[in-house]
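Now for the letters of each chain:
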Amino acid sequence: MTDKASPVLAYPLGDALYLNLTSACTLACVFCPKIRDGDFTVGGFDLRLSQAPGADRVWAAAQEAGLAGRSEVVFTGFGEPTRRLAVLLEIAQRLRAAGVTRVRVDTDGLASLREGRDVVPELAAAGVNALSVSLNAADSATYARICPSAHGESAWEAVRDFIRRAVGAIPDVAASCVALPGLSEEECRRAAESLGARFRWRPYDRLGRI
Ligand code: SF4
């Protein structure tokens, strides 16, 4: 049983294990329960973190939760995992060395923009072999409206560039949009598939980065 005061750094859902590195985001998505309602819970786990955990703490939590038999281990949570890029890369390497076959990152796709360099090769080298990237819209103006950030409309093009670079470098790349009223599934699908990514249309009422 989880101590109420203990941060949730690793949490199982189904046969997958999810790792929670941060509560910080670059975007403030209008559809996000964290932004909309201050709600950080997923599957009964409260993912709010007041401090950024180091690699050894996250690794200990992953081992305690158990790695054997997992279908995948996913960096996700109510924060952007690549905001903790060094920790993410370190843990991904440890996971692959421990025999985990699928290591996925759920991401806003803005890491290269934030870091000022192409980070896709670093993710691939660390053993990340699946990405789910939030494309979120079929055009830059809609993206900036529903996912506001300091980067404005330029963020959407940065996400597209990240996806383009990831396709071919990472074996499984999905680009997702949330099924918000007014968004066209077909336009979003075309935007995702034109980049070479697999398309995911995520239900609006079942968010939580899973
Ligand atoms: S949807 Fe994801 S990227 Fe957007 S604010 Fe919520 S946790 Fe952050």
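Our subject is the structure that appears above.
Worth saying up front: this structure is predicted, and the values here are computed from it rather than measured.

What about unusual backbone geometry?
Turning to step 1, where the next piece is worked out: Even without glycine at this site, asparagine 136 takes up a positive phi of about 70°.
Turning to step 2, where the next piece is worked out: Inspection of the secondary structure assignment puts asparagine 136 in the loop between strand 7 (130–134) and helix 6 (140–146).
Turning to step 3, where the next piece is worked out: For asparagine 136, a count of 27 C-beta atoms within 10 Å corresponds to the buried category.

Quick look at the environment of serine 154
Turning to step 1, where the next piece is worked out: Within the element layout of this structure, serine 154 appears in helix 7 (residues 154–166).
Turning to step 2, where the next piece is worked out: Note on serine 154: 14 C-beta atoms within 10 Å, which makes it partly exposed.

Digging into the site of the ligand
Turning to step 1, where the next piece is worked out: Close contacts around the ligand come from 11 residues, with Cys25, Leu27, Cys29, Cys32 and Phe78 the closest.
Turning to step 2, where the next piece is worked out: For the shell around the ligand, the residue count by class is seven nonpolar, no polar and four charged.

Observations concerning the packing of helix 2 (residues 55–65) against helix 3 (residues 85–97)
Turning to step 1, where the next piece is worked out: At a minimum axis separation of 9 Å, helix 2 and helix 3 run at an interaxial angle of 40°. Classed by the angle they form, the pair helix 2 and helix 3 counts as oblique. The element helix 2 and its partner helix 3 pack so that their crossing is right-handed. Across the interface between the two elements, Ala55, Val58 and Trp59 from helix 2 touch Val87, Glu90, Ile91 and Arg94 from helix 3.
Turning to step 2, where the next piece is worked out: Classifying every residue of the contact of helix 2 with helix 3 gives five nonpolar, no polar and two charged.

Topic: helix 3
Turning to step 1, where the next piece is worked out: In this model helix 3 runs 18 Å from its N-terminal to its C-terminal C-alpha over 13 residues, within 8% of the 18 Å that 1.5 Å per residue would give.
Turning to step 2, where the next piece is worked out: Every buried residue of helix 3 is listed here: Val87, Leu88, Ile91, Ala92, Arg94 and Leu95. Taken down its axis, helix 3 places every buried residue within 165° of arc, on the same side. The outward face of helix 3, more than 90 degrees from its buried face, is lined by the exposed residues Ala86 and Ala97.
Turning to step 3, where the next piece is worked out: Next to the buried residues of helix 3 lie strand 2 (16–20), helix 2, strand 5 (73–76), strand 6 (103–107) and helix 5 (120–126).

Basis of the calculations
- Residues numbered from 1 in each chain as written.
- Predicted model: local features only at pLDDT ≥ 70, side-chain atom pairs only at ≥ 80, totals over all residues.
- Helix = DSSP H or I, 4+ residues; strand = E, 2+ residues; numbered from the N terminus.
- Buried ≥ 20, exposed ≤ 12 C-beta atoms within 10 Å, placed from the backbone.
- Near = placed C-beta within 6 Å.
- Nonpolar A, V, L, I, M, F, W, Y, C, P; charged D, E, K, R; others polar.
- Axes fitted to C-alpha atoms, helices over the stretch in contact; angles between N-to-C directions.
- Parallel < 35°, antiparallel > 145°, perpendicular 65-115°, else oblique.
- Left-handed = near helix turned anticlockwise from the far one by under 90°.
- Contact = placed C-beta atoms within 7 Å.
- Expected span 1.5 Å × (residues − 1).
- Arc of directions from axis to C-beta.

Take it as geometry only, folks, not as evidence of what the structure does.
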